[in-house]
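Residue strings, one per chain:
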Amino acid sequence: MAESSISLLNQIGQRLDRIDNELVKKLLEERIQKAWTKPSEEAKVAALQAILSELSKEKKTLDNNLDADVGAEVELCNYLIQQACILEALDGAGVKIVRDDLTGNLNDHGLSVNGKRLLRRLVQLCQEAEKSYKNVSYVEVDGSDAQAELLTENISTGVGISLAMGDVTPLIAAAVKIGRGYNNINKAKSRQLELLIQAHKGRINNFLFNVNSHKNDLIAEKNVNKKLIITPDWYREFLQVLTLEDTQEKLKKLTELTESHPAFVTSRLYLAQLYFDIGSLAKAKGNVQKILSAPSHLLHKDGISGQAHSLLGQISELEGRYDDAMENYNAALKINSLNAFVYNWRAGLFLNLSQPEKALADLKKARIILPENGDISFNYFKASVLTSMKPELNLLKEAFKLGFNDVQKIFDWSTYERYVNQWPVKKVLQPSLLVKYDPGIFKDDAVIVNYGDFDLTKLKYSLKVKYLKKENWEVVTLAGELPMLKAGESFQLKDKFSMPKKSRCEFALSFTCDQLSESSLAKSYYNSFGNNENHFEWRFLRDKTEMALLGMNDKGKLLNSLIDIERAVTLSCHADPKSLAVLAAVHYKLKEFEKAVVFQKEALAVLTGEAAKEDLSIISQPYVETLKKYEGKLK
């Protein structure tokens, strides 16, 4: 059956897009226009077939390089489709990162003329987007202006460094986050910027059409198996699958995608990672080995094989094959010497091998490359402790601030056991919740605050509110759960009880979370001893004991006060000098002078250890004089 004029026109259009010479293109366009105005379909077809025949001869001359390395052309198609679809998914962002990768990381030696042309076209596409965004500003939600340069490169920490070594996985992760809505540009875009982004996406679709033409030529003229080259729709589905929250569904879909295009190693890497995450180490290892045995034709620094080696290193370490793990981490770093995560994993292996100095060297490199990572900071903290033999609590707090949240990992670390029992460490590791009374107009609120240094996840709580109303104690119990309560943040239980404004109340909060091995109880008090303010339980017990000590000499009452103040000291993690001084005073009244001296010395040590205190000599003087008094009794 003879081809129609429309079909011939489409084929000519595909050939025309490959011509760089603008004069030649213009002359051809004039010939096409003249052919299209022929009076009959037969005349149109004949004229268009003549043009197509000439273009086909020219194409064979241009594409004779295909004989050099068909495998490279196949990988090039996959690479270009991947980069274009990522740009599309990033909603206008990331063009500078992709352009830098294309110009600084890809060697086009051995590619066909048309392959090189496609590479240049994608670079131009990114440059056009950069240029159009450069002078466009948009308005933030709060009303301040910001340059659209943010669109061109600010995706996520470490992406640029990873791409410099050919590792596209962070950029894929950024696209996935934007797909989930977690990492989109948090701005109210101007209409002008929105139009520019849509134009950018239009150019991407045009470009993908040209890549598809090149793919069809490879299939038709070089007998390439079409399963070796992904399609834009396949890659878009791949990005969608990575957004799935259901693990089993994600595993099923990712397996299907990988089986449909088994040579595309990027999807296999994500499949291997998913198997690793769910604990199927044998299947993870099998997929990694397929990645490492796959032939590589594209002259591109191979970040995927680097990722595969690092994953194989983690698997080997979990299986106790430390030599294999070290060999794979070293191989990964040889491919990508700027991968902070591999330095971190190798540092963890060095820690397992009792080589903290080597671990510290790796972690210093990791922190330079990726300073804002909680896991890296936590390992840096461990290595620092093991090399300096001191609890580097400032590093631990930094790890918490940067997102490390596995407190149980510290307790499970046997090497750290002797530090866990130190009171300054206990204070940092202790989840600290305070319930505050917040009076309302008609009913009152309870506010629960996370005063600790780290986030609490899967927080389940039960709050018992006991308050005095008309000389009777009323009790209200409230319960609930939160997925997360970040350090320093609070939440409100609104309009839950009604207490007279000059009354008092007690809060007893029992809670569990991922960061606790067992349930914890936090008490706080409002309007304690006429202060009209909230107190932690330890502060309440301290003030209660201090008031009770005035003129008290009854041994039975002193022993009861001793129980209260010992609990206050424990709850305050021996970090409150006043609590320690009150404990010393109780022992003194009980004529236990040696204990009085011990706790008074501890109180003085805590006090003088607070570097932020001003006029320390004046503040500490009463503690010093009291210590002399206690020591005098020992003589």
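Everything numeric here is computed off the predicted structure, so don't read it as measured data.

Definitions and cut-offs
- Residues numbered from 1 in each chain as written.
- Predicted model: local features only at pLDDT ≥ 70, side-chain atom pairs only at ≥ 80, totals over all residues.
- Heavy atoms only, no water.
- Pairing = 2+ DSSP bridges.
- Helix = DSSP H or I, 4+ residues; strand = E, 2+ residues; numbered from the N terminus.
- Axes fitted to C-alpha atoms, helices over the stretch in contact; angles between N-to-C directions.
- Buried < 20%, exposed > 50% of the residue type's maximum accessible area, 1.4 Å probe, protein only.
- Salt bridge = Lys/Arg side-chain N within 4 Å of Asp/Glu carboxyl O.
- Contact = heavy atoms within 4.5 Å.
- Patch = residues over 30% accessible without salt bridge, like charges linked within 9 Å, V, L, I, M, F, W, Y side chains within 5 Å.
- Areas by Shrake-Rupley, 256 points an atom, 1.4 Å probe, with all protein chains shown as cover.
- Lys, Arg positive; Asp, Glu negative; His and termini not counted.
- Charge placed at Lys NZ, Arg CZ, Asp CG, Glu CD.
- pLDDT = per-residue confidence, 0-100.
- Expected span 1.5 Å × (residues − 1).
- Arc of directions from axis to C-beta.
- Phe/Tyr/Trp six-rings, centres within 6.5 Å; stacked < 30°, edge-to-face > 60°.
- Lys NZ or Arg CZ within 6 Å of the ring centre and 35° of its normal.

**Details of the sheet that holds strand S8 (residues 490-497)**
Then comes step 1: Strand order in the open sheet formed by 3 strands is S4-S5-S8, and the pairing between neighbours is antiparallel. In the strand order of this sheet, the two ends are held by strand S4 (433-438) and S8, each with one partner. Between one strand axis and the next, the sheet turns through 25° on average, direction left out of account.
Then comes step 2: In terms of strand pairing, S4 meets strand S5 (residues 444-450) through 6 bridges, oriented antiparallel. Paired with Val-435 across the strands is Ile-448, a residue of S5.

**Thoughts on unusual backbone geometry**
Then comes step 1: Here Glu-471, not a glycine, exhibits a phi torsion of approximately 65°, which is positive.
Then comes step 2: On the accessibility criterion, Glu-471 (75% relative accessible area) is exposed.
Then comes step 3: Unusually for a residue other than glycine, Cys-573 sits at a positive phi of about 55°.
Then comes step 4: Tracing the chain through its elements places Cys-573 in the loop between helix H25 (555-571) and helix H26 (577-589).

**Things to note about the pattern of salt bridges**
Then comes step 1: If you walk through the whole model with that rule in mind, you get 20 salt bridges.
Then comes step 2: Notably, a salt bridge pairs Glu-128 with Arg-121, separated by 3.4 Å at the nearest N-O pair.
Then comes step 3: Residue Glu-128 is classed as partly exposed on the basis of its relative accessible area of 33%.
Then comes step 4: In this structure, Asp-444 engages Lys-501 in a salt bridge whose closest nitrogen and oxygen atoms are separated by 3.5 Å. One end of the pair, Asp-444, is in strand S5; the other, Lys-501, is in the loop between S8 and strand S9 (505-512), and 57 residues separate them in sequence.
Then comes step 5: Within this structure, Lys-285, Glu-319, Arg-321 and Asp-324 form a network of salt bridges that share partners.

**Thoughts on the environment of Ala-548**
Then comes step 1: Its location among the elements puts Ala-548 in helix H24 (residues 537-549).
Then comes step 2: Given a relative accessible area of 28%, Ala-548 falls into the partly exposed group.

**Observations regarding the side chain of Ser-503**
Then comes step 1: Positionally, Ser-503 belongs in the loop between S8 and S9.
Then comes step 2: Ignoring sequence-local partners within four residues, the contact set of Ser-503 consists of Leu-468, Tyr-526 and Asn-527.

**Some points on a negative patch on the surface**
Then comes step 1: Side chains of Asp-375, Asp-406, Asp-412 and Asp-514 sit close together on the surface and give a patch of like negative charge.
Then comes step 2: In this structure Asp-375 comes out as partly exposed when scored by relative accessible area, which is 43%.

**Focus: the confidence of the model for the protein chain**
Then comes step 1: Chain-level pLDDT for the protein chain is 84 on average; 86% of the residues reach the 70-or-more range.
Then comes step 2: Element-level pLDDT for the protein chain is lowest in strand S2 (residues 145-147), with a mean of 45, against a maximum mean of 95 in helix H12 (residues 247-260).
Then comes step 3: A low-confidence stretch, residues 60-66 (pLDDT under 50), is modelled with 13 contacts involving residues beyond four sequence positions or located in other chains.
Then comes step 4: Below a pLDDT of 50 lies the segment residues 183-187, which in the model reaches 12 contacts outside its immediate sequence neighbourhood of four places, other chains included.

**Overview of helix H16 (residues 322-335)**
Then comes step 1: Look at H16: 20 Å from first C-alpha to last across 14 residues, which is about the 20 Å you get at 1.5 Å a residue.
Then comes step 2: For H16, every residue scored as buried is listed here: Ala-325, Met-326, Asn-328, Tyr-329, Ala-332 and Leu-333. All buried residues of H16 project into a common sector of 165° when viewed along the axis, lining one side. The outward face of H16, more than 90 degrees from its buried face, is lined by the exposed residues Asp-323, Glu-327 and Lys-334.
Then comes step 3: Check the buried side of H16 and you find it contacts helix H15 (303-318) and helix H17 (340-352).

**Thoughts on the sheet that holds strand S10 (residues 520-526)**
Then comes step 1: Here we have 5 strands laid out as an open sheet, ordered S7-S6-S9-S10-S11, and antiparallel in their pairing. Strands with a single pairing partner mark the edges of an open sheet, and in this sheet they are strand S7 (472-485) and strand S11 (534-536). Between one strand and the next, the sheet's axes are offset by a mean angle of 20°, whatever the strand orientation.
Then comes step 2: With 13 bridges joining them, strand S6 (residues 456-469) and S7 adopt antiparallel strand pairing. Its bridge partner lying in S7, Tyr-467 is registered against Glu-474.

**Section: the pairing of S5**
Then comes step 1: Among the 7 residues of S5, 7 are classified as buried, and the element is accordingly described as predominantly covered.
Then comes step 2: Burial along S5 is two-sided: the residues Asp-444, Ala-446, Ile-448 and Asn-450 and Asp-445, Val-447 and Val-449 are all buried.
Then comes step 3: Between S4 and the antiparallel strand that follows it, S5, lie 5 residues.
Then comes step 4: By the bridge criterion, 5 bridges tie S5 to S8 in an arrangement that is antiparallel. Bridge pairing in S8 links Asp-444 to Phe-497.

**Thoughts on the packing of aromatic side chains**
Then comes step 1: Counted according to the given criterion, the structure contains 19 aromatic pairs.
Then comes step 2: Measuring from centroid to centroid gives 5.8 Å for Trp-234 and Phe-238, while their planes differ by 10°, and the two rings are stacked. Of this pair, Trp-234 and Phe-238 both sit in helix H11 (residues 232-242), 4 residues apart, which is roughly one turn of that helix.
Then comes step 3: A relative accessible area of 7% means that Trp-234 is categorised as buried.
Then comes step 4: Owing to a relative accessible area of 0%, Phe-238 belongs among the buried residues under this scheme.
Then comes step 5: Just above the ring of Tyr-380 sits the side chain of Arg-367; from NZ or CZ to the centre is 4.2 Å.

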